[in-house]
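# Survey of secondary and tertiary structure
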Amino acid sequence: MLEEALEHLVKGIVEHDGDVAVRRKNLRHGEVLEVRVHPEDLGRVIGRRGRTASALRTVMGALAEGRKVRVDIVDTDQVS
């Protein structure tokens, strides 16, 4: 459920909504939601001084209902 909610929120921000992908990883200390977007949309998702990313993390934390959730925005240009 969290993946779909985050994907919906991010698609509303970006121009290339077909390139939005959210992947969930379960770790010992909680869940990680990795967000991948088109390289041109990376700045939109992060926002000025990280405000948009911070807002996305706040919303996901509220939706997690007490579970530990971390939201990572992955720069696909830097991944080999």
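Use the structure listed above.
In this text, all values refer to a predicted model and were calculated from it rather than measured experimentally.

## Observations regarding the side chain of Glu34
- Residue position: Glu34 is located in strand 2 (residues 30-36).
- A distance of 3.1 Å separates a polar atom in the side chain of Glu34 from a polar atom in the side chain of Lys25.
- Reaching out from Glu34, the side chain makes a polar contact with the side chain of Arg36 at a distance of 3.4 Å.

## What to know about the sheet that holds strand 3 (residues 69-74)
- Across the sheet, which stays open at both edges, the three strands sit in the order 1-2-3 with mixed pairing between neighbours. What marks the edges here is a single partner per strand, and that holds for strand 1 (21-27) and strand 3. Recorded for the sheet is a direction-independent mean angle of 20° between the axes of neighbouring strands.
- In the packing of helix 1 (residues 2-11) onto the sheet, contacts are made with strand 1, strand 2 and strand 3, and the angle to strand 2 comes to roughly 30°.

About the cut-offs
Here the residue index of a chain counts from 1 through its sequence in written order. Only residues with pLDDT of at least 70 are given local features in this predicted model, and only at 80 or more are side-chain atom pairs given and counted; all residues enter the totals for whole chains, interfaces and linings. Side-chain calculation: all heavy atoms of the structure are included, whereas hydrogens and water are not. Helix and strand assignments come from DSSP, with helices taken as H or I runs of at least 4 residues and strands as E runs of at least 2, each series counted from the N terminus. Whenever two N or O atoms come within 3.5 Å, that pair is a polar contact, provided that in protein one can donate a hydrogen and the other can accept it, and provided that, for residues adjacent in sequence, both atoms are side-chain atoms. Here a strand pair is declared whenever DSSP counts at least two bridges between the two strands. For helices, the fitted line uses only the C-alpha atoms of the stretch in contact; every axis is such a line through C-alpha atoms, and the angle between N-to-C directions lies from 0 to 180 degrees. For this analysis, residues touch if any pair of their heavy atoms sits within 4.5 Å.

Remember that the coordinates give geometry; whether it matters functionally is a separate question.
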